[in-house]
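# Architecture and fold: a report
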Amino acid sequence: MELIKVKKGHEGNVAAVLFADEIKALARPVIGLATGSTPVRMYDYLIKRNQSGELDFSKVCSFNLDEYCGLPKVHPQSYYSFMQEHLFKYVNIDQRNVFFPNGNAVSLAEECSQYESMIQEAGGIDIQLLGIGHNGHIGFNEPSDIIAKETHVQVLADSTRTANARFFTSIEEVPTHAITMGIKTILNARKIMLLCCGEGKAEILKQALYGDVTPRVPASLLQLHPQLTVITDQNI
Ligand code: F6R
């Protein structure tokens, strides 16, 4: 593991430089992306680099980690909308190469296995970006006694719904379920970049990086990955 500690507010730039280098090094980069507050500054820098002609997205294929179940794709809080607003609509990515699990599929089980196959057909993920929840979740893999390996439907933890209620008008509007890549899907990425910034994540990050490897702290399973880079402004 490589741990990069940065000053508050600097993680976006540092992460964007490293992520852009990965994209530039590959002929047909397959990237895994995350939503939430954490990657927003990094996406801003990627947009700047794309618009200045330094970084080309035309050959990039992207798979997002997760999507809520039951929200229309165009709902302002769907992860599809989030990615359009924070990255895709400002860069020269081909929208046909942008993939999300469909949380409105008639058969969610089929959708999950199809998403898994699509990632494999694309050649697997070259670099996966992750944030971390206060409860240690990655993607929407919530703390559990078992490891959900592949893309699956996840019941969201109350603490996750409470945390994400800031994006909705009330907690009742926050979906109760989401489709998420599983732990194995995530660990199959050739490289992983975990970004951890914001208030109050030092303790869970410490547990994830140096504590027991356990599905009770899903991010701790990242200790098993040989090419993990962690960028954080937390005091750990
Ligand atoms: C988002 C995702 C989540 C977030 C995590 C942190 O696609 O999968 O695991 O990365 O909940 O969220 P923020 O960045 O809002 O603190």
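Heads up: the structure comes first, above all this text.
The following paragraphs examine the structure supplied in this document. As the structure is a prediction and not an experimental result, all values here were calculated from the model.

The next thing to look at is the overall build of the chain. A tally of regular secondary structure across the chain gives seven helices and ten strands. At 16 Å, the chain has a C-alpha radius of gyration in line with the 18 Å of a compact globule built from 236 residues. By principal-axis analysis of the C-alpha atoms, the chain measures approximately 45 × 40 × 35 Å. Looking at the chain as a whole, 54% of its 236 residues are labelled buried. Partitioning the intrachain contacts of the chain with sequence separation of at least 6 by distance along the chain shows that 78% fall at a separation of at least 24. For the chain, the exposed area adds up to about 10700 Å²; of that, 52% sits on carbon and sulfur atoms. Each charge class in the chain was averaged separately, 21 positive and 26 negative side chains, and the resulting centres sit 6 Å apart.

Turning to the layout of surface pockets, a few remarks are in order. In this model, the largest pocket occupies a volume close to 630 Å³. If you go around the largest pocket, you meet 33 residues; those closest to its centre are Gly36, Ser37, Thr38, Arg166 and Lys201. Every element with two or more residues in the lining of the largest pocket is listed here: α2 (40–51), β4 (66–68), α3 (79–86) and α5 (158–164). Residue contributions to the lining of the largest pocket peak at four residues, all from α5. Of the residues assigned to the lining of the largest pocket, the class counts are twelve nonpolar, 15 polar and six charged. The volume enclosed by the second largest pocket comes to roughly 230 Å³. Looking at the second largest pocket, it is lined by 15 residues, and the ones nearest its centre are Lys73, Tyr80, Phe100, Pro101 and Asn102.

Conventions adopted
- Residues numbered from 1 in each chain as written.
- Predicted model: local features only at pLDDT ≥ 70, side-chain atom pairs only at ≥ 80, totals over all residues.
- Heavy atoms only, no water.
- Helix = DSSP H or I, 4+ residues; strand = E, 2+ residues; numbered from the N terminus.
- Rg over C-alpha atoms; globule rule 2.2 N^0.38 Å.
- Buried < 20%, exposed > 50% of the residue type's maximum accessible area, 1.4 Å probe, protein only.
- Contact = heavy atoms within 4.5 Å.
- Areas by Shrake-Rupley, 256 points an atom, 1.4 Å probe, with all protein chains shown as cover.
- Lys, Arg positive; Asp, Glu negative; His and termini not counted.
- Charge placed at Lys NZ, Arg CZ, Asp CG, Glu CD.
- 1 Å grid on protein atoms, 1.4 Å probe; cavity = no way out; pocket = protein on both sides within 12 Å on 5 of 7 lines; lining within 4 Å.
- Points joined across faces, edges and corners; volume = space filled by probe spheres on them.
- Nonpolar A, V, L, I, M, F, W, Y, C, P; charged D, E, K, R; others polar.

Everything listed here is a matter of coordinates, which is why it stays silent on function.
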